[in-house]
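# Working through the structure, step by step
Letter by letter, the chains look like this.
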Protein chains: 2
Amino acid sequence: MVTIKDIAKKAGISVTTVSRALNDYYDVSPTTKALIQSIAKEMGYVPNRSAQSLVKQKSNTLAIILSGLEKEGGKDNIVYGMLSGMYAFAETVNYEVALFTTSTAQQKKKSYVQFCKEHNIGGAVVNGIRTDDPFFEELLHSDLPCVLIDVFMEGKNTCNISIDNVKASQQAVEYLIKNNHKNIAMINGRKEASVSVERQKGYINALTASGIEVKGDYLVYADYLEETAYEKTKELIKKFPEITALFCASDMMALGSIRAIKNCGLCIPQDISVVGFDNIPLSAYSTPALTTISQDFYFMGYEASRQLLKMINNEPVKKNVFLKHKLLERDSVAMI
Amino acid sequence: MVTIKDIAKKAGISVTTVSRALNDYYDVSPTTKALIQSIAKEMGYVPNRSAQSLVKQKSNTLAIILSGLEKEGGKDNIVYGMLSGMYAFAETVNYEVALFTTSTAQQKKKSYVQFCKEHNIGGAVVNGIRTDDPFFEELLHSDLPCVLIDVFMEGKNTCNISIDNVKASQQAVEYLIKNNHKNIAMINGRKEASVSVERQKGYINALTASGIEVKGDYLVYADYLEETAYEKTKELIKKFPEITALFCASDMMALGSIRAIKNCGLCIPQDISVVGFDNIPLSAYSTPALTTISQDFYFMGYEASRQLLKMINNEPVKKNVFLKHKLLERDSVAMI
DNA sequence: TTTAAAATCCGATACGTTTCGGATGGTAAA
DNA sequence: TTTACCATCCGAAACGTATCGGATTTTAAA
């Protein structure tokens with residue numbers, strides 16, 4: 001391993017000056033600067049990040065904390081999108097990304113704060129962490145800058161980023177109403193998740209605004225799981241055959257619903273219309289193609305990390321950032 | 001930040017002993033060990049990875065080098081699968097993973113070797129890098145341990161991991177032949193990629209073994225892209241209406257082919273049968289569900305990193321590791 | 001009692017980099 | 001000639017940890 005000491009020796013110059021030359025400081029002459037840089041290149045010098053991070057007490061690294069890169073969890077491509085967005089942004093500012101996942105398996109899991117401290121990390125983007133996770137609490141109470149994606153909590157030094165979930169789901173349900181649907185059920189995710197609450201609010205808003213009675217029985221929770229949605233949908237449409245439309249709080253659940261509906265011998269959208277949420281790749285390939293609320297997860301990851309960097313640099317940021325969404329009309333909704 | 005010095009002071013004990021206690025060395029008494037560990041916990045001590053990595057000259061980190069976490073590239077979920085497998089393994093051995101992607105955009109991209117040196121990384125898992133990438137060449141010539149997924153090249157300190165692509169595609173085509181197909185075309189990927197070569201070999205093997213003439217015109221390249229496959233398939237089935245079956249070297253291309261076939265007013269599998277390759281999530285949701293060769297990318301990432309760690313620790317490893325595959329019969333193939 | 005061996009501890013140094021505080025020599029203004 | 005100011009350089013300390021080589025005490029064997 002070639003170090004700045006080696007360069008210094010070869011150039012007959014002090015270590016200090018080599019360091020300052022390589023970092024392009026003003027107080028080293030253009031001549032020596034050029035000399036040193038050429039020697040560095042010639043010797044194949046690579047700066048040692050550990051040493052840099054140790055002495056500078058920071059590491060040019062952003063953390064992303066995820067609920068888990070699970071074997072079967074990635075079908076929706078959401079995490080992938082956020083990740084790639086984050087990496088894309090980090091690259092533009094010469095930062096790196098450290099990915100930390102909470103393994104459900106591992107009992108003695110490490111605290112998020114600890115992870116960041118270990119690595120001299122300045123701040124974290126957080127997604128998919130359960131709000132009752134004790135380590136999440138600890139993170140919120142620490143003064144590490146955090147950007148929370150799709151979860152609304154207040155911490156010591158946090159901000160939130162997401163689409164306007166209320167408006168988006170309201171829009172989705174209004175679209176169904178516009179297509180003359182009145183008996184509209186909702187397959188929601190986990191009751192506790194803040195996005196679920198928001199999306200439910202939008203559903204109710206749309207119904208009441210159109211003078212449609214909100215029936216508690218039409219509202220079921222499927223944990224954002226395809227399989228659960230499949231079962232709940234089956235029960236639902238057997239119990240309430242008058243239902244003509246379904247609003248699902250995620251595309252994965254919508255896919256489960258679609259399967260359930262087909263399985264009951266009904267047709268989509270002729271018998272029952274379905275609207276999803278997220279616009280995951282699968283939704284475009286299902287039959288029928290799923291009408292859904294489109295979110296740009298790549299951009300979300302990109303923006304989240306951009307916000308984070310601002311916070312790390314003590315620049316002012318908005319506490320709540322709302323990104324754009326879009327209703328994507330495809331083939332799973334019909335006029336009745 | 002609380003350091004071992006702080007602990008030493010509080011415990012009235014030397015820094016050396018604190019370090020050795022925390023690392024559970026044999027030559028510190030159980031009493032002091034317990035004392036120090038409790039003080040460490042109480043003070044919220046977190047070891048500084050930079051300092052550790054600096055002094056130990058290594059970092060307990062595995063690199064994964066990918067061709068890019070691109071916005072649109074992740075639809076097949078393959079990279080995600082490998083990633084999660086790698087993280088899962090790394091966790092079991094208390095290692096971390098550093099992800100490095102080659103941005104097509106960024107001109108002044110950094111060499112892979114440089115990245116590893118900077119971070120004191122002991123070795124890398126590599127996937128999807130073009131074989132003519134100069135930095136890839138450099139990596140192969142370096143003595144960094146490398147596990148190459150799905151690419152067959154020999155380096156100074158490398159090994160390869162993949163399924164038996166020849167056998168797998170041979171099996172796929174044999175399956176079509178068993179269903180009485182004789183005019184079987186193949187949509188292959190990039191001609192240069194080694195997996196393409198292998199899969200083509202399997203295709204030809206199967207045909208010749210059954211005494212079916214291999215027609216050069218039946219073999220087209222679509223770059224592993226859905227859209228290109230769509231177009232090439234259209235041309236193909238217009239030009240050669242006798243074709244009754246298609247073997248595609250990837251599921252993404254198969255999805256393009258399916259769309260093309262439908263678009264020509266033909267039915268799958270009644271008019272044309274299709275077999276894909278990979279078993280990506282989308283393949284199960286397409287209509288008809290795609291018959292395909294199933295690979296376990298999670299396991300591939302897991303095994304690749306397991307191999308890598310062995311190489312880093314100078315344990316002996318096999319030069320070529322073949323993982324299992326499986327022909328997954330679904331609904332896109334019919335007997336004629 | 002002496003001696004050897006085990007158990008337990010510690011000082012000093014090293015890892016590679018940055019940075020504080022100053023040193024040196026040269027140039028221009030007073 | 002003196003003074004002040006640049007431009008350019010450098011020594012030494014610091015970051016937090018691990019480890020080599022040895023020191024000290026305790027225990028057990030002879």
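The coordinates are above.
Residues numbered from 1 in each chain as written. Chains lettered and ligands numbered in written order. Predicted model: local features only at pLDDT ≥ 70, side-chain atom pairs only at ≥ 80, totals over all residues. Heavy atoms only, no water.

Moving on, we get to the overall build of chain A. Broken down by element type, chain A carries 13 helices and 12 strands. Computed over the C-alpha atoms, the radius of gyration of chain A is 26 Å, more than 25% above the 20 Å expected from 2.2 N^0.38 for a compact globule of 336 residues. Referenced to the eigenvectors of the C-alpha coordinate spread, the extents of chain A come out at roughly 85 × 35 × 35 Å. Considering chain A as a whole, with its 336 residues, one finds that 54% of them fall into the buried category. Within chain A, contacts between residues at least 6 apart in sequence are counted, and of these 70% link residues at least 24 apart. Of the roughly 14,900 Å² of accessible surface on chain A, a fraction of 52% belongs to carbon and sulfur atoms. Seen as two clouds, the 38 positive and the 37 negative side-chain charges of chain A have centres 4 Å apart. (Helix = DSSP H or I, 4+ residues; strand = E, 2+ residues; numbered from the N terminus. Rg over C-alpha atoms; globule rule 2.2 N^0.38 Å. Buried < 20%, exposed > 50% of the residue type's maximum accessible area, 1.4 Å probe, protein only. Contact = heavy atoms within 4.5 Å. Areas by Shrake-Rupley, 256 points an atom, 1.4 Å probe, with all protein chains shown as cover. Lys, Arg positive; Asp, Glu negative; His and termini not counted. Charge placed at Lys NZ, Arg CZ, Asp CG, Glu CD.)

All names here are of chain B. Of all 6 residues in strand S1 (residues 61-66), 6 are buried; the element is thus mostly enclosed. Here S1 shows two buried faces, one formed by Thr61, Ala63 and Ile65 and the other by Leu62, Ile64 and Leu66. As judged from the 6 bridges shared by S1 and strand S2 (residues 96-101), these two strands associate in the parallel manner. Within the sheet, the bridge partner assigned to Ala63 lies in S2 and is Ala98. Between the parallel pair S1 and S2, the chain is carried across by helix H5 (residues 78-92), and the sense of this crossover is right-handed. Pairing between S1 and strand S3 (residues 124-127): 4 bridges, direction parallel. Note on S3: the bridge partner recorded for Ala63 is Ala124. (Pairing = 2+ DSSP bridges. Right-handed = clockwise from strand over helix to strand, strands pointing away.)

The next subject is the packing of helix H10 (residues 226-239) of chain A against helix H11 (residues 251-263) of chain A. Residues and elements named next belong to chain A. Look at H10 against H11: their axes get within 7 Å of each other, and the N-to-C directions meet at 45°. Relative to H11, the element H10 is oriented oblique. Our pair here, H10 against H11, has a crossing hand that is right-handed. Across the interface between the two elements, Glu226, Glu227, Ala229, Tyr230, Thr233, Lys234 and Ile237 of H10 pack against Met252, Met253, Leu255, Gly256, Ser257, Arg259, Ala260, Ile261 and Asn263 of H11. (Axes fitted to C-alpha atoms, helices over the stretch in contact; angles between N-to-C directions. Parallel < 35°, antiparallel > 145°, perpendicular 65-115°, else oblique. Left-handed = near helix turned anticlockwise from the far one by under 90°.)

Lining the immediate environment of DNA strand C, one finds 28 residues, of which Ile4, Ser19, Tyr25 and Tyr45 of chain A together with Thr32 of chain B sit closest. Among all atoms of DNA strand C positioned within 4 Å of the protein, those belonging to sugar or phosphate total 62%. With respect to DNA strand C, the side chain of Tyr25 of chain A contributes an N or O atom lying 2.7 Å from a phosphate oxygen. At a separation of 3.5 Å, a base oxygen of DNA strand C approaches a polar backbone atom of Val55 of chain B. Each residue belonging to the surface near DNA strand C can be placed in one class, and the counts come to 13 nonpolar, 12 polar and 3 charged. (Near = heavy atom within 4 Å. Polar contact = N/O pair within 3.5 Å; in protein donor to acceptor, adjacent residues only side chain to side chain. Nonpolar A, V, L, I, M, F, W, Y, C, P; charged D, E, K, R; others polar.)

Residue and element names in this part refer to chain B. All of the buried residues along helix H7 (residues 134-141) are Phe136, Leu139 and Leu140. An end-on view of H7 places all buried positions within 100° of arc, on one side of the element. In this structure, H7 carries Pro134 and His141 as exposed residues pointing more than 90 degrees from its buried face. Where H7 starts, the residue carrying a side-chain oxygen 2.8 Å from the main-chain nitrogen of Phe135 turns out to be Asp133. (Arc of directions from axis to C-beta.)

Moving on: the environment of Phe152 of chain A. Residues and elements named next belong to chain A. By the secondary structure assignment, Phe152 is in the loop between strand S4 (146-149) and strand S5 (158-163). Between the C-alpha atoms of Phe152 and Val195, which are 43 residues apart in sequence, the distance is 8.4 Å. Residue contacts for Phe152: discarding those within four places in its chain leaves Asn160, Ser162, Ser194, Glu198, Asn320 and Phe322.

In the region of DNA strand D, 27 residues are neighbours, and Thr16 and Thr32 of chain A together with Ile4, Tyr25 and Tyr45 of chain B sit closest. One of the backbone nitrogen or oxygen atoms of Asn48 of chain B is found 3.2 Å away from a phosphate oxygen of DNA strand D. Note that a phosphate oxygen of DNA strand D is positioned 3.1 Å from one of the side-chain N or O atoms of Gln52 of chain B. Going through the elements one at a time, helix H2 (15-22) and helix H4 (49-56) of chain A together with helix H2 (15-22) and helix H4 (49-56) of chain B are the ones with two or more residues in the surface near DNA strand D. Considering every element that reaches the surface near DNA strand D, the biggest residue donor is H4 of chain B, with 4 residues. In terms of residue class, the surface near DNA strand D is made up of 12 nonpolar, 12 polar and 3 charged.

Our next topic: the environment of Thr131 of chain A. Residue and element names in this part refer to chain A. Checked against the element boundaries, Thr131 lands in the loop between strand S3 (124-127) and helix H7 (134-141). Residue classification places Thr131 among the partly exposed residues on the basis of a relative accessible area of 32%. C-alpha of Thr131 to C-alpha of Val195: the two residues are 64 residues apart in sequence and 12 Å apart in space. Apart from the residues within four sequence positions on either side, Thr131 is in contact with Phe136, Glu137, Val151 and Met153.

Residues and elements named next belong to chain B. Among the secondary structure elements, Asn179 is positioned in the loop between helix H8 (165-178) and strand S6 (184-188). We classify Asn179 as buried; its relative accessible area is 10%. Discounting residues that sit within four places of it in the chain, Asn179 has contacts with Val333, Ala334, Met335 and Ile336.

Let's shift gears to the pairing of strand S6 (residues 184-188) of chain A. Residue and element names in this part refer to chain A. The buried fraction of S6 is high, at 5 of 5 residues. Neither face of S6 is exposed, since Ile184, Met186 and Asn188 on one face and Ala185 and Ile187 on the opposite face are all buried. Direction of pairing for S6 relative to strand S8 (residues 245-248): parallel, over a ladder of 4 bridges. Considered in S8, the bridge of Ala185 is made with Leu246.

Turning our attention to the sheet that holds S2 of chain B. Residues and elements named next belong to chain B. Taken in spatial order, the 6 strands of this open sheet run S2-S1-S3-S4-S5-S11, and their pairing is parallel. Bordering the open sheet on either side are S2 and strand S11 (320-323), each of which pairs with just one other strand. The average angle at which neighbouring strand axes cross in this sheet is 20°, direction not considered. Taken together, the 4 bridges between S3 and strand S4 (residues 146-149) define a ladder with parallel strand orientation.

A few words now on the relation of the copies chain A and chain B. Here two copies of a chain appear, and what relates them is a rotation about an axis with a shift along it. Superposing chain A onto chain B requires a rotation of 180° together with a translation of 0.1 Å along the rotation axis, leaving an RMSD of 0.2 Å. Viewed as a symmetry operation, the transformation between the two copies matches a two-fold axis. Rotation axis and chain A: the residue whose C-alpha lies nearest the axis is Ser50 of chain A, separated from it by 2.2 Å. Interface overlap between copies is the fraction of interface residues in one copy that are interface residues in the other; for chain A against chain B it reaches 100%, indicating a shared surface. (Least-squares fit on C-alpha atoms with pLDDT ≥ 70 in both.)

It is worth spelling out the state of the cysteines at this point. All names here are of chain B. The full count for this structure, using the stated rule, is 0 disulfides over all chains. Note on Cys267: no disulfide assigned, nearest cysteine sulfur contributed by Cys264 at a separation of 12 Å. On the accessibility criterion, Cys267 (40% relative accessible area) is partly exposed. (Disulfide = S-S within 2.5 Å.)

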